[in-house]
Amino acid sequence: MHRGSSQTPLAENDNWKADPRSEALQRDYPDLVPANDKESALMLTLTPGRYTMHGTNVDGAEWVLLLEAYDVDSLKQ
């Protein structure tokens, strides 16, 4: 994920459990945890603005990317 047209990644992963925030995702939002450990999932705090996602397979092939974004603050009410 990149902010706007920047080429510097904000975050990336190809195995959601390898992400340092995975424990918080499991603890705080268990309904959002992917069923497959090899799926990508990121829990980030983002400021308003435009972001770009780029998806590639582990072998480097580009794929169509399905993005779901949640405002988790509204889930805690």
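Residues numbered from 1 in each chain as written. Predicted model: local features only at pLDDT ≥ 70, side-chain atom pairs only at ≥ 80, totals over all residues. Heavy atoms only, no water.

Here's the deal with the overall build of the chain
No. 1: On a plain count of helices and strands, the chain comes out with 1 helix and 2 strands.
No. 2: In sequence order, the chain lays out its α and β elements as β-α-β.
No. 3: Taken over the C-alpha atoms alone, the chain extends approximately 35 × 30 × 20 Å along its principal axes.
No. 4: Counting the 77 residues in the chain, one finds 16% classified as buried.
No. 5: In the chain, of all internal contacts separated by at least 6 residues, the share reaching a separation of at least 24 is 46%.
No. 6: Entry remark: accessible area of the chain is about 6,400 Å², with carbon and sulfur atoms responsible for 49%.
No. 7: Where the 7 positive side-chain charges of the chain centre and where its 13 negative ones centre are 5 Å apart. (Helix = DSSP H or I, 4+ residues; strand = E, 2+ residues; numbered from the N terminus. Buried < 20%, exposed > 50% of the residue type's maximum accessible area, 1.4 Å probe, protein only. Contact = heavy atoms within 4.5 Å. Areas by Shrake-Rupley, 256 points an atom, 1.4 Å probe, with all protein chains shown as cover. Lys, Arg positive; Asp, Glu negative; His and termini not counted. Charge placed at Lys NZ, Arg CZ, Asp CG, Glu CD.)

Some thoughts on the environment of Q7
No. 1: Residue placement: Q7 occurs in the loop between β1 (2–3) and α1 (22–28).
No. 2: In this structure Q7 comes out as exposed when scored by relative accessible area, which is 67%.
No. 3: The spatial distance from the C-alpha of Q7 to the C-alpha of L32 is 28 Å, given a sequence separation of 25 residues.

With respect to empty space enclosed by the protein
Empty space among the atoms can be located by rolling a probe the size of a water molecule over them.
No. 1: Evaluated as defined, the whole model comprises 1 cavity of 30 Å³ or more.
No. 2: Roughly 30 Å³ of internal volume is contained in the largest cavity.
No. 3: Together, W16, D19, R21, S22, L25, A41, L42 and M43 line the largest cavity.
No. 4: Of the residues in the lining of the largest cavity, the class split is 5 nonpolar, 1 polar and 2 charged. (1 Å grid on protein atoms, 1.4 Å probe; cavity = no way out; pocket = protein on both sides within 12 Å on 5 of 7 lines; lining within 4 Å. Points joined across faces, edges and corners; volume = space filled by probe spheres on them. Nonpolar A, V, L, I, M, F, W, Y, C, P; charged D, E, K, R; others polar.)

Here we look at the pattern of salt bridges
No. 1: A full pass over the atoms with the stated rule returns 3 salt bridges.
No. 2: When the shortest N-O distance is used, the salt bridge between R21 and D19 registers 3.0 Å.
No. 3: By relative accessible area, which is 31% here, R21 ends up partly exposed.
No. 4: In this structure, the salt-bridge partner of D28 is R27, at a minimum N-O distance of 3.0 Å.
No. 5: Among the residues examined, D28 registers a relative accessible area of 32% and is labelled partly exposed. (Salt bridge = Lys/Arg side-chain N within 4 Å of Asp/Glu carboxyl O.)

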